[in-house]
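Here are the chains, one letter per residue:
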Amino acid sequence: MQRATTDPVQEGGGHPAAALGVLVLSLGLALAGLVLTVVVRPVWNVGQWYFAVDAVDAVVYGVVAWLLLARSRHPVAWILALTAVGGGLAAVGAQWTTLWFERPHLPELETLQMMQNTGWVPGTFALIVVVPWLLRSEPLDALAKLALALGLGLIGWTLLTRVTDPWAVPGGDPVSPFAIRSESWEQFVARSSTWQNAVLVALGLLAGVDVLRRRARLTDAGDRRALSWLATSVLVLAVSFVPLALPDDWAADLPMAFTPLVHLVSQALYPAAILGVVLRQRLWGIDLAVRRTLAWWLLTSGLLVGYVVLVTVLGELVPADSDFTPILATALVAAVVQPAHSAVQRAVDALVHGDARDPARVVQQLGRSLGTATRSDELLAGMLEGLTSS
């Protein structure tokens, strides 16, 4: 993979104070959402799954944004910060809306309630239609520029329809101060939602395919592996919106929680993919910090996902003893911590160092390069080739 040239404006320096502010704000919003959840004690339904998505966005992207923004001014770092803060605002807005309906004597806070439907949009959409095109070392080509323009247009269009939605609260007044009180506009907004999600999925699939196209041109195994992670993450995140892009009668055949659950899976993949590409491209001089964070993130998110899956499966298999289910799931997850840590560390080492993580393989490869040399200049060239290729 061609290495990026150093750009002092975007790569290096960073904004440590802003990064810390994003981390504190995003984690604080996630905590506030959880506190409101404890106060409200809502019935767990598909709406609460979306709240979980927003709260997890605030936490995971807040941490990754802090790591990158403290060391870089690259646009991707700012997009991750926007995703984290937007997710946190959406999470708090959702739970405050529920609380206000139960206790109407509290302040309505219309703008905060509006965040439930709008706060997450720019960051999450950008993860699908903007970030994949920017995580590259080569200049943007014509396709990338066109796709970025379409993606930014989609984000603007979606935000416009959501903040002007005249009936954001069923049976009540709109919460947005920019609402257009028109029945025809209401119908247009309702129709736009499906088309917006359809365009989002299409642009996401295009971005994923482009990442695979760039991967196919590479020869370095580590670079190819990093882009494989990125392509998979983008495609999973784009596919999570498929039910929202289908007609209602088609979407009815899919589980209502499909979108938030698949989105939660993407949250374990996408941050790791971003950090993996940063590692391979040696961006911003943060190899060691990103390597440690990547290993920690893969292990933690993998164990959390495994725990949730085990609790769900065991809850179906052992419904009579609800107290036993989490205990058994915890024991099983604890049993795989050490093997999982070793496997994750090997995967990260392979991504960062390639064959160089295995000294014996490096020596073997160097021996093959030297064995074909017949002259002193070929001997030197073979040694350099063997060392650089590992």
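Per chain, residues are indexed from 1 in the order of the written sequence. The model is predicted, so local features are restricted to residues of pLDDT at least 70 and side-chain atom pairs to those at 80 or more, both for listing and for counting; the totals for chains, interfaces and linings are taken over all residues. Excluded from the side-chain calculation are hydrogens and water; included are all heavy atoms of the structure.

Peer 1: Honestly, the packing of aromatic side chains in this entry has me stumped. Any pointers?
Peer 2: Stacked, tilted and edge-to-face pairs are distinguished by plane angle, under 30 degrees for stacked and over 60 for edge-to-face with tilted covering the rest, among Phe, Tyr and Trp rings (Trp via its six-membered ring) whose centres lie within 6.5 Å. Across all of its chains, the model carries five aromatic pairs by this definition. The interplanar angle of 85° and the centroid separation of 6.1 Å between the aromatic rings of Phe125 and Phe241 together place this pair among those described as edge-to-face. In this pair, Phe125 is assigned in helix 5 (residues 121-129) and Phe241 in the loop between helix 9 (221-239) and helix 10 (242-245), connecting sequence segments 116 residues apart. By the burial criterion, Phe125 is buried, and Phe241 matches it. Among the aromatic residues, those joined into a ring-pair cluster are Trp120, Phe125 and Phe241. Here a helix means four or more residues in a row that DSSP labels H or I, a strand means two or more in a row labelled E, and each is numbered from the N terminus. Throughout this description, buried means an accessible area under 20% of the type-specific maximum (1.4 Å probe, protein chains only), exposed means over 50%, and partly exposed covers the range between.

Peer 1: Please clarify how the environment of Gly86 should be interpreted in this entry.
Peer 2: Along the chain, the position of Gly86 falls in helix 3 (residues 75-102). Taking the C-alpha atoms as reference, Gly86 lies 8.3 Å from Ser26; in sequence the two are 60 residues apart. With residues near it in sequence (within four places) discarded, Gly86 still touches Gly119 and Trp120. Contacts between residues were defined by any pair of non-hydrogen atoms, one from each residue, lying within 4.5 Å.

Peer 1: How do you make sense of helix 1 (residues 16-40) when you look at a structure like this?
Peer 2: Count 3.6 residues to each turn of an α-helix, and residues three or four apart come out pointing the same way. Multiply 1.5 Å by the residue count of a helix minus one, and that product is the helix's expected span. The first and last C-alpha atoms of helix 1 sit 36 Å apart over 25 residues, in line with the 36 Å expected at 1.5 Å per residue. For helix 1, the full list of buried residues reads Ala19, Val22, Leu23, Ser26, Leu29, Ala30, Gly33, Leu36, Thr37 and Val40. Looking at the buried residues of helix 1, the elements they touch are helix 2 (46-69) and helix 3. After helix 1 finishes, the residue Arg41 shows a positive phi value of roughly 50°.

Peer 1: How do you make sense of the packing of helix 3 against helix 4 (residues 110-118) when you look at a structure like this?
Peer 2: Two numbers describe a pair of packed helices, the interaxial angle and the distance between the axes. Axis definition: a line fitted to C-alpha atoms, limited for helices to the stretch in contact. Angles are taken between N-to-C directions and run from 0 to 180 degrees. Running from N to C, helix 3 and helix 4 cross one another at 120°; their axes reach a closest spacing of 7 Å. One finds that helix 3 runs oblique with respect to helix 4. In this structure, the crossing between helix 3 and helix 4 has a hand that is left-handed. Facing helix 3, whose interface residues are Leu89, Ala90, Val92, Gly93, Ala94, Trp96, Thr97 and Trp100, helix 4 presents Leu112, Gln113, Met115 and Gln116. Note that the term roughly parallel is reserved for angles under 35 degrees, roughly antiparallel for angles over 145, roughly perpendicular for angles of 65 to 115, and oblique for everything else. Whether a crossing is left-handed or right-handed is set by the direction in which the near helix is turned from the far one by less than a right angle, anticlockwise for left-handed and clockwise for right-handed.

Peer 1: What am I meant to see in the nonpolar core here?
Peer 2: Put simply, a nonpolar core is a bunch of buried Ala, Val, Leu, Ile, Met, Phe, Trp, Tyr and Cys residues held in one set by side-chain atoms that sit within 4.5 Å of each other. Of all hydrophobic cores here, the largest spans 62 residues; its most connected members are Leu80, Phe125, Val130, Val131, Leu230, Tyr270 and Ile274. Not counting the four nearest positions on each side in its chain, Leu80 is found in contact with Tyr61, Val64, Ala65, Leu68, Leu127 and Ile274.

Peer 1: Just checking my understanding: could you explain a nonpolar patch on the surface for this structure?
Peer 2: Residues enter patches when they are more than 30% accessible in relative terms and free of salt bridges; like-charged ones are connected within 9 Å and nonpolar ones (Val, Leu, Ile, Met, Phe, Trp, Tyr) within 5 Å. Surface accessibility follows the Shrake-Rupley procedure with a 1.4 Å probe radius. Residue values consider only the protein chains on display as shielding. Salt bridges, as used here, are contacts in which a Lys or Arg side-chain nitrogen is within 4 Å of a carboxyl oxygen on Asp or Glu. On the surface, Trp157, Phe188, Trp195 and Val199 cluster together to form a nonpolar patch covering roughly 380 Å² of accessible area. In terms of residue count, the dominant contributor to the nonpolar patch is helix 8 (residues 183-216) (three residues). Along the polypeptide, Phe188 turns up in helix 8.

Peer 1: Help me out: how do you make sense of the pattern of salt bridges in this one?
Peer 2: It is possible for side chains of opposite charge to pair when their charged atoms get near one another. Within the structure shown, the criterion is met by six salt bridges. The closest approach of N and O atoms between Glu138 and Arg136, which form a salt bridge, is 3.6 Å. Arg136 sits in the buried class, given a relative accessible area of 9%. Of the charged contacts, one joins Arg213 and Asp141 as a salt bridge, the two residues approaching to 3.3 Å between their closest N and O atoms.

Peer 1: Where do I start with the side chain of Asp54 in this structure?
Peer 2: Structurally, Asp54 can be placed in helix 2. Neither His nor the chain termini are counted; the positive set is Lys and Arg, and the negative set is Asp and Glu. No salt bridge is formed by the buried Asp54, whose closest oppositely charged neighbour, Arg162, lies at an N-O distance of 9.6 Å. Beyond its immediate stretch of four places on either side in the chain, Asp54 contacts Gly87, Gly88, Ala90, Ala91 and Trp120.

Peer 1: Where do I start with helix 8 in this structure?
Peer 2: Across its 34 residues, helix 8 extends 50 Å between first and last C-alpha, which sits within 8% of the 50 Å expected from 1.5 Å per residue. Each residue is assigned a bend, namely the angle between axes fitted to the seven residues that terminate at it and the seven residues that start at it. Roughly 25° is the biggest bend found in helix 8, and it falls at Ser192.

Peer 1: Explain the environment of Val35 to me, please; I cannot follow it from the model alone.
Peer 2: Structurally, Val35 is set in helix 1. The class for Val35 is partly exposed, based on a relative accessible area of 45%.

Peer 1: What is the right way to look at unusual backbone geometry in this model?
Peer 2: When glycine is set aside, most residues are seen to have a negative phi, and most peptide bonds are trans. Its identity is not glycine, yet Arg41 carries a phi of approximately 50°, on the positive side. Here Arg41 lies in the loop between helix 1 and helix 2. Of the residues examined, Arg41 reaches a relative accessible area of 67% and is grouped as exposed. Even without glycine at this site, Leu109 takes up a positive phi of about 50°. Mapped onto the fold, Leu109 is located in the loop between helix 3 and helix 4.

Peer 1: Where do I start with the packing of helix 5 against helix 7 (residues 142-163) in this structure?
Peer 2: Axis separation between helix 5 and helix 7 bottoms out at 10 Å; the angle between their running directions is 155°. Between helix 5 and helix 7, the angle is such that the two are roughly antiparallel. Taken as a pair, helix 5 and helix 7 cross one another with a handedness that is right-handed. When helix 5 is examined against helix 7, the residues Val121, Pro122, Phe125, Ala126 and Val129 are found in contact with a partner set consisting of Ala147, Leu148, Gly151, Leu154, Ile155, Thr158, Leu159 and Arg162. Residue polarity follows a fixed list, in which Ala, Val, Leu, Ile, Met, Phe, Trp, Tyr, Cys and Pro are nonpolar, Asp, Glu, Lys and Arg are charged, and the others, Gly among them, are polar. For the contact of helix 5 with helix 7, the class distribution of residues is 10 nonpolar, two polar and one charged.

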